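Summary of structural features
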Amino acid sequence: LRSIEIIGGGLSGLALGIGLRKRGIPVQVREAGSYPRHKVCGEFICGVSQKTLQTLGIYELFESAPFYRKSRWFRGNDVLLDQELKTGAWGISRYRMDEWLQEYFQSLGGHLITRERVKPEAREGLVWSAGRIPQSDSKWLGLKVHMRGYQMYSELEMHMGRQGYAGLVQVEDDWINLCGLFEKRRQVEGKYIALLESYLRLCGLTHLADVMAESEVRDGSFCAVAGFDLGVQNVDDGRLVIGDAESMIPPFTGNGMSMAFESAETALSYLCEYAQGRLTWEKCRINVARALKKRFRTRLVTAGSCHPFLLSSAGQSALSIASRTKLLPFNTLFTLTH
Ligand SMILES: Cc1cc2nc3c(=O)[nH]c(=O)nc-3n(C[C@H](O)[C@H](O)[C@H](O)COP(=O)(O)OP(=O)(O)OC[C@H]3O[C@@H](n4cnc5c(N)ncnc54)[C@H](O)[C@@H]3O)c2cc1C
């Protein structure tokens, strides 16, 4: 069997590694960081099917995880909408999930190298799953922290503010993950948690900022990410890419992690054919790229069109009116974005 090398041991890379090991294919994963580690992420996983998780061989991780259906959407400090999520969503921290995946991968005989940052490279047998493609002129900033002591109004909360929004979900040991996506602003002061608090206040999410200031904060859980663009990443240098490196859906959908798993699932079948010598590398790469484009096109377009509405005052007013008059096609939009 031909072996596979995976760059990036996040969700897509490790899930793919596990799927390949389950089929007896030799795999090496090279990861820039180490485990366990916190990561900027809303930590609610929405829309991934049991079939995808079983194909990859990772369903076990989800069996014992909290599963939520109820969501409440706020505009500033006001309630906009209470809505059941059709597919439901799991709440698992990245601290737990990435750790579990890397241990499982290694227990299956996968070879993991940590603390090694690899330069972008297109080579036969190499899969690039190293997350966001760095963009120097990006306008986005993602911030997150785990806190304890906040009494949630619903199982999942989404708070929309001016040029930013934040989501909350409970993960392990009563910790609540608070994660926000903000348009970067020059005048914002503060470091670490104070920076998150400043952004929440600037966006008009004062209630959340007050709650955060009064809550217990989990040591080491604050993290930040910048320098990324949402949507298709347009990597055209011959790399086989999956996960965020292929495309990034706006975070409000809670579907990015599902897409990471789904892209691993899509790549798995073609990579198995390659490993068995039934497909050339070039054909394998092209097939994966085409299949991912087809699988994700509708949700990326729909989510990309909705995103500006969630961030602008006029868009939020329109949503507010549509919600009050029961004209908001929430379930249709949910289906199109998952
Ligand atoms: C603010 C924000 C909130 C989000 N909220 C949610 C949510 O609630 N639900 C949801 O489903 N999704 C959410 N997402 C999206 C989700 O986090 C990603 O879609 C998901 O992590 C993608 O997985 P991945 O494996 O492609 O990349 P990652 O999980 O980012 O993994 C990439 C890995 O590659 C490593 N790496 C990077 N560069 C190199 C290199 N050069 N060499 C070696 N290793 C490298 C990194 O250290 C990392 O471990 C959110 C994203 C953001 C920005």
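So, here's what we can say about the structure. Bear in mind that the values here come from a model prediction, so they are computed numbers and not experimental data.

Calculation notes
Residues numbered from 1 in each chain as written. Predicted model: local features only at pLDDT ≥ 70, side-chain atom pairs only at ≥ 80, totals over all residues. Heavy atoms only, no water. Helix = DSSP H or I, 4+ residues; strand = E, 2+ residues; numbered from the N terminus. Rg over C-alpha atoms; globule rule 2.2 N^0.38 Å. Buried < 20%, exposed > 50% of the residue type's maximum accessible area, 1.4 Å probe, protein only. Contact = heavy atoms within 4.5 Å. Areas by Shrake-Rupley, 256 points an atom, 1.4 Å probe, with all protein chains shown as cover. Lys, Arg positive; Asp, Glu negative; His and termini not counted. Charge placed at Lys NZ, Arg CZ, Asp CG, Glu CD. Near = heavy atom within 4 Å. Polar contact = N/O pair within 3.5 Å; in protein donor to acceptor, adjacent residues only side chain to side chain. Nonpolar A, V, L, I, M, F, W, Y, C, P; charged D, E, K, R; others polar. Axes fitted to C-alpha atoms, helices over the stretch in contact; angles between N-to-C directions. Left-handed = near helix turned anticlockwise from the far one by under 90°. Phe/Tyr/Trp six-rings, centres within 6.5 Å; stacked < 30°, edge-to-face > 60°. Pairing = 2+ DSSP bridges. Parallel < 35°, antiparallel > 145°, perpendicular 65-115°, else oblique.

**Thoughts on the overall build of the chain**
Assigned secondary structure in the chain consists of ten helices and 16 strands. In terms of overall size, the chain behaves like a compact globule, its C-alpha atoms giving a radius of gyration of 20 Å where 338 residues would be expected to give roughly 20 Å. When its C-alpha atoms are laid out on the principal axes, the chain stretches across 60 × 40 × 40 Å. Buried positions account for 56% of the 338 residues belonging to the chain. Partitioning the intrachain contacts of the chain with sequence separation of at least 6 by distance along the chain shows that 74% fall at a separation of at least 24. In the structure as shown, the chain presents an accessible area of about 15,000 Å², 49% of it carried by carbon and sulfur atoms. The centroid of the 42 positive side-chain charges in the chain is displaced by 6 Å from the centroid of its 36 negative side-chain charges.

**What to know about the site of the ligand**
Taken together, 36 residues lie near the ligand, and Glu-31, Gly-42, Phe-44, Asp-244 and Met-257 sit nearest. The separation between an oxygen atom of the ligand and a polar main-chain atom of Leu-11 is 3.1 Å. Measuring from an oxygen atom of the ligand, one finds a backbone N or O atom of Met-257 at 2.7 Å. Elements supplying a minimum of two residues to the shell around the ligand: α1 (11-22), β11 (176-183) and α7 (256-275). Ranked by residues supplied to the shell around the ligand, first place goes to α7 with three residues. Of the residues in the shell around the ligand, the class split is 14 nonpolar, 13 polar and nine charged.

**Some words on the environment of Leu-196**
By secondary structure assignment, the location of Leu-196 is in helix α5 (residues 192-202). For Leu-196, a relative accessible area of 1% puts it in the buried group. Expressed as a C-alpha distance, the spacing of Leu-196 and Cys-223, which sit 27 residues apart in the sequence, is 9.7 Å. In this view, Leu-196 contacts Leu-143, Lys-144, Val-145, Leu-178, Phe-182, Met-212 and Phe-222; residues no more than four positions away in its chain are not counted.

**What to know about the side chain of His-38**
Its location among the elements puts His-38 in the loop between β2 (27-30) and β3 (44-46). Those residues in contact with His-38 that lie beyond four places of it in its chain are Tyr-95, Lys-144, His-146, Arg-218, Asp-219, Gly-220, Ser-221 and Cys-223.

**Considering the packing of α1 against α7**
It is the contact of α1 with α7, at a shortest axis distance of 8 Å, that shows an interaxial angle of 35°. At the point where α1 passes α7, the crossing takes the right-handed sense. Taking contact as the criterion, the partners of Leu-11, Ser-12, Ala-15, Leu-16, Gly-19 and Leu-20 in α1 are, on α7, Met-257, Ala-260, Phe-261, Ser-263, Ala-264, Ala-267, Leu-268, Leu-271 and Cys-272.

**Some points on the packing of aromatic side chains**
This model, assessed by the stated rule, comprises twelve aromatic pairs. Judged by centre distance (5.2 Å) and plane angle (65°), the rings of Phe-67 and Trp-90 are edge-to-face. Note that Phe-67 is positioned in strand β4 (residues 67-75) and Trp-90 in strand β5 (residues 78-91), a separation of 23 residues in sequence. Both rings, one in Trp-100 and one in Tyr-104, keep their centres 5.0 Å apart while their planes meet at 40°; by these two values the pair is tilted. Separated by four residues within a single helix, Trp-100 and Tyr-104 lie in helix α4 (residues 94-107), roughly one turn from each other. What makes Tyr-104 buried here is its relative accessible area of 17%. Chaining the aromatic ring pairs together yields one cluster made of Phe-62, Phe-67, Trp-90 and Phe-261.

**Observations concerning the sheet that holds strand β7 (residues 126-128)**
Sheet architecture is open: five strands sit in the order β6-β2-β1-β7-β15, paired in parallel fashion. Unpaired on one side and paired on the other, β6 (111-113) and β15 (240-241) mark the two borders of the sheet. Of the strand pairs in this sheet, strand β1 (residues 4-7) and β7 are connected by three bridges, and their pairing is parallel. When the bridges of β7 are listed, Glu-5 appears paired with Leu-126.

**Description of the packing of helix α8 (residues 281-311) against helix α9 (residues 313-324)**
With their axes 5 Å apart at the nearest point, α8 and α9 run at an angle of 100° to one another. Looking at the two axes, α8 sits roughly perpendicular to α9. For the pair α8 and α9, the contacting residues are Phe-309, Leu-310 and Leu-311 in the first and Ser-313, Gly-315, Gln-316 and Leu-319 in the second. When the residues that make up the contact of α8 with α9 are grouped by side-chain class, the tally is four nonpolar, three polar and no charged.

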